[in-house]
Amino acid sequence: MHENMGAGEIAGLIAAIAFAVLAGFLIYPLIRLGKLFDQLADTVKETGDHALPALDEGVTTVQQVNKSLADVNEISSAASSTANNIGALTNLYGSFLGKPIIKLASTFYALRTTARSFMNKGQQPAQDAKTATATKGE
């Protein structure tokens, strides 16, 4: 160092020391900020690595739900078709068997009624005779 340092040189030396101290204070937060960015980058990478399989699982789940819904739709349409077929068979049996059975039942009823009335007519004179003798005795 020179023995005769001027005021400008002393001011420059003080400014250089102040700049070095200021740079020293700023380096520590910058290093910490760099570590924070590194951690943030790792977190984003890990999140991306975990998010893609989760999204794939979500897509697979949605596809399986859609397939299940399609199966339910097929079952519902089959049940509806079966109900319509049963209704048509019921109508067919009703028209095919119902009318003849009703006619047959009405024929048997008419025969029974006729037979009863015929049998009652044959018994009425006997009852009339009993009634007549009972009324004469009174």
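About the criteria used
- Residues numbered from 1 in each chain as written.
- Predicted model: local features only at pLDDT ≥ 70, side-chain atom pairs only at ≥ 80, totals over all residues.
- Heavy atoms only, no water.
- Helix = DSSP H or I, 4+ residues; strand = E, 2+ residues; numbered from the N terminus.
- Buried < 20%, exposed > 50% of the residue type's maximum accessible area, 1.4 Å probe, protein only.
- UniProt positions renumbered as here; feature names shortened; annotations may be inferred.
- Salt bridge = Lys/Arg side-chain N within 4 Å of Asp/Glu carboxyl O.
- Patch = residues over 30% accessible without salt bridge, like charges linked within 9 Å, V, L, I, M, F, W, Y side chains within 5 Å.
- Areas by Shrake-Rupley, 256 points an atom, 1.4 Å probe, with all protein chains shown as cover.

Per an unreviewed UniProt entry, the recorded name for the chain is Secreted protein, and the organism is Bifidobacterium anseris.

A.B. asks: Hey, could you go over the overall build of the chain for me, with residue numbers and the actual values?
C.D. replies: Secondary structure summary: the chain contains one helix and zero strands in total. Taken across its 138 residues, the chain has 0% of its residues classed as buried.

A.B. asks: I'd like a description of the UniProt feature "transmembrane region" (unreviewed entry) in the chain, backed by residues and values.
C.D. replies: The residues that UniProt annotates with the feature "transmembrane region" (unreviewed entry) are residues 12-31. End C-alpha to end C-alpha, residues 12-31 measures 28 Å, and it is 100% helix and 0% strand.

A.B. asks: An account of the pattern of salt bridges is requested, with residue identities and associated values reported.
C.D. replies: Under the criterion given, the structure shown has one salt bridge. Between lysine 45 and aspartate 49 there is a salt bridge, with the nearest N and O atoms lying 3.4 Å from each other. Of this pair, lysine 45 and aspartate 49 are both found in helix H1 (residues 7-136), four residues apart, which corresponds to roughly one turn of the helix.

A.B. asks: Before we move on, could you go through a nonpolar patch on the surface and cite the residues and values that matter?
C.D. replies: A surface patch of nonpolar side chains, amounting to about 790 Å² of accessible area, comprises Leu22, Leu26, Leu30, Leu33, Leu36, Phe37, Leu40 and Val44. Turning to its location among the elements, leucine 40 is positioned in helix H1. A relative accessible area of 49% means that leucine 40 is categorised as partly exposed.

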